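Chain and residue survey
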Amino acid sequence: MAAERRGRLRTRAGSPEPLERLRIAVPSKGRLREPAIELIHDAGLGPETPGDRALAFPCRNAPVEALLVRAEDIPEYVQDGVVDCGITGLDIVRERALDVTELVLLGFGACSLEAAVQSESPVRSLGDLRGGRVATSFPRLARDLLPGDVELVDVSGSVELAPRLGLADAIVDLVSSGSTLRTNGLRSIGNLLDSEAVLIGPPEPRDDALQLAGVFRSVVDARGARYLMLNAPEESLEEICSLVPGSRAPSVLPLAEPGMVAVHSVVPAQDVWRLLPALEAAGASSILLVPLERMLA
Ligand code: AMP
C-alpha cells in the first residue's frame, strides 16, 4: 500500500498483478548518457526519448523507470536503495568503493586510468614516482594502485595542467585515445585500471535487476559478434571450417547444387576484416554477414 502511494506500482498490460517498477539510474549527462539510453533501447525496453532537461523517463515495454542522475552519484543512489540498479563508469564505482555489486560490464565508455608525466620528465615507470607528488581526482584508486609512497594532490578538474603549474610531478587520470595527454605535453607511464560502463546493483539485487543484467549481457555479447553465411565447394570445407573462429562448430547445410554446401557460423566482429578475404581465397562465395540482436549462451 505504501509503495502504491509512492507511485511505484504498475499493472502490466493484461495482468491483474501489480508490479513494482524497477528503477534504474542512468547518467544525466556526459559521454555515458546516450550509449546507456541506446542500450536500454536495444534491450527492447522501449524507453521514451527523454528531453534534455528530463529527470526521468518510463519504458513502454517493461515495468522499468529510468532516473537521470549524475554518473558520480549513481553508486550512492544504488547503495542507499534510492534506485534498484544503475549504469555508470567502473572507475567511478571502484573510486567510491561503496556497498554495491558489479552486475555486468556494458562494452561502452572504455577508457583507462593512467599515470602520466610531462614528456621531458626523467620518470619512466610507476616505481619512479616514489616520494613524488601526484595530482588526481581519483585519490582512492591512486593510493591503492600506485606503488610506494606518493603525496596525493586532490584536484577536481583540468588535472592535466597540474604538472605544468608545478602542483605535481605526475597525474593520474582517465585516458581513452591519449590525445588529451599528448596535447598537454604529457606521456603515460602506466595503466592502473581498465574501465568501461557497468551495471551495478545492491549486494542482494532484486530478481528483475538480475534479469535485466542478463538481457544487457545478451545485447553486449551480440554487439561483439556477426552471423556469417557463405557457400563453398565441399572440397574447400575443411579449410573454411579451420578459418572460421567462434564459440561453436559451424553449421554445414547441403545446397541444391551438387558438391556445394552452405556454412553458417557466429564470428567475433573484430575478426571480420581479416576473415572475409581469407574465406574468399579459400573458395567461399555468396558471403553474407549480418548483425545479431541477442546472444544467449
Ligand atoms: P563524463 O560524464 O563525460 O565526464 O564521463 C564520465 C565517465 O565516462 C568516466 O567516469 C568514464 O567511465 C567514462 N570515460 C570514457 N572515456 C573517458 C575519457 N577519455 N575521459 C573521461 N571519462 C571517460
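Please read these numbers as outputs of a predicted model, since none were measured by experiment.

Thoughts on the sheet that holds strand E8 (residues 111-118)
One open sheet holds the 5 strands; their spatial order is E10-E9-E11-E8-E12, and the pairing between them is mixed. Bordering the open sheet on either side are strand E10 (151-154) and strand E12 (186-195), each of which pairs with just one other strand. Geometrically, the sheet is characterised by an average inter-axis angle of 30 degrees between neighbouring strands, direction not taken into account. Both strand E9 (residues 133-136) and strand E11 (residues 170-175) contribute to a ladder of 3 bridges, which runs parallel. Across the sheet, the residue bridging to Val134 is Ala170, located in E11.

Here we look at the layout of surface pockets
Empty space within the largest pocket amounts to approximately 960 Å³. Lining of the largest pocket is provided by 32 residues; of these, Arg31, Glu72, Asp91, Phe138 and Leu174 occupy positions nearest its centre. Put simply, the parts of the chain that give the lining of the largest pocket at least two residues each are helix H4 (90-96), E11 and helix H6 (179-183). For the lining of the largest pocket, the element with the most residues is H4, which contributes 4 residues. Its residues assigned to classes, the lining of the largest pocket shows 10 nonpolar, 13 polar and 9 charged.

Topic: the environment of Leu289
Looking at the secondary structure, you find Leu289 in strand E17 (residues 285-291). Residue Leu289 is classed as partly exposed on the basis of its relative accessible area, which comes to 32%. Counting along the chain gives 61 residues from Leu289 to Leu228, while the straight-line C-alpha distance between them is 4.7 Å.

Definitions and cut-offs
Residues numbered from 1 in each chain as written. Predicted model: local features only at pLDDT ≥ 70, side-chain atom pairs only at ≥ 80, totals over all residues. Heavy atoms only, no water. Pairing = 2+ DSSP bridges. Helix = DSSP H or I, 4+ residues; strand = E, 2+ residues; numbered from the N terminus. Axes fitted to C-alpha atoms, helices over the stretch in contact; angles between N-to-C directions. 1 Å grid on protein atoms, 1.4 Å probe; cavity = no way out; pocket = protein on both sides within 12 Å on 5 of 7 lines; lining within 4 Å. Points joined across faces, edges and corners; volume = space filled by probe spheres on them. Nonpolar A, V, L, I, M, F, W, Y, C, P; charged D, E, K, R; others polar. Buried < 20%, exposed > 50% of the residue type's maximum accessible area, 1.4 Å probe, protein only.

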